Amino acid sequence: MTDVLRVAALVADAWEACDMRYLIGGSLASSFAGEPRSTLGIDMVVELSDASLARFAGRLNPEFYFDLDQARSDLRLGLSFNLIHEPTGLKVDVFPSRSPLARTQMDRRRSIEVCADPSRCLYFYTPEDILLQKLAWFRQGGEVSDRQWRDVVGIVVTQGASLDRSYLREHAEEAGVADLLPRALSS
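Residues numbered from 1 in each chain as written. Predicted model: local features only at pLDDT ≥ 70, side-chain atom pairs only at ≥ 80, totals over all residues. Heavy atoms only, no water.

Side note on the overall build of the protein
Right, so step 1: Secondary structure assignment for the protein yields 9 helices and 7 strands.
Right, so step 2: Taken over C-alpha atoms, the radius of gyration comes to 16 Å for the protein, in line with the 16 Å a tight globule of 187 residues would show.
Right, so step 3: Burial statistics for the protein: of 187 residues in total, 48% are counted as buried.
Right, so step 4: Nonlocal contacts in the protein, meaning residues at least 24 apart in sequence, comprise 63% of its contacts between residues at least 6 apart.
Right, so step 5: Accessible surface, the protein as shown: approximately 8,900 Å² in total, 48% of it carbon and sulfur.
Right, so step 6: In the protein, which carries 21 positive and 27 negative side-chain charges, the distance between the mean positions of the two groups comes to 2 Å. (Helix = DSSP H or I, 4+ residues; strand = E, 2+ residues; numbered from the N terminus. Rg over C-alpha atoms; globule rule 2.2 N^0.38 Å. Buried < 20%, exposed > 50% of the residue type's maximum accessible area, 1.4 Å probe, protein only. Contact = heavy atoms within 4.5 Å. Areas by Shrake-Rupley, 256 points an atom, 1.4 Å probe, with all protein chains shown as cover. Lys, Arg positive; Asp, Glu negative; His and termini not counted. Charge placed at Lys NZ, Arg CZ, Asp CG, Glu CD.)

Observations concerning the environment of Thr 88
Right, so step 1: Here Thr 88 shows up in the loop between strand 4 (81-85) and strand 5 (90-96).
Right, so step 2: Its relative accessible area of 29% is what places Thr 88 among the partly exposed residues.
Right, so step 3: Along the chain, Thr 88 and Glu 113 lie 25 residues apart, while their C-alpha atoms are 23 Å from each other.
Right, so step 4: Setting aside its immediate chain neighbours within four residues, Thr 88 contacts Asp 3, Arg 6 and Val 7.
Right, so step 5: Reaching out from Thr 88, the side chain makes a polar contact with the backbone nitrogen of Leu 90 at a distance of 3.2 Å. (Polar contact = N/O pair within 3.5 Å; in protein donor to acceptor, adjacent residues only side chain to side chain.)

The structure is reproduced here in structure tokens:
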């Protein structure tokens, strides 16, 4: 396993030990759904509560820097927070799952085997959901990020006809990207 996947698995172990649902997003998820590329961080969406953060902190591998008080404060404000894997310097950004679309995406998450020996699976966005997320991040960045758009195109090209276009059209408005979706799908 690469360092990125090993670190993701360590954090996932802590979420799973607390019976908390998570999914991996960002560049790591788009690499599994589209064109692989390197990443310096890991994005995770998690169903969180204030009480669950303390349980998580108690289960987190001691190789991580994690400021529980700051995470609680960020969670109350609806913000993301992060963990740092000290041996590698990899950052894990944690996004609370709050919106109806985020709950739908969590329900649709898919388990992907990231290591065969020993077998290890992690939960990722579906190709459709990471496509919607990448389009949203492209929009939030002023629609100028070549990297985000390249990820979008990579997903569309790799997944081709297997993309659930009716699901994409149904949820693109909710994600705020209904006008970008046709452009992406014609790539």
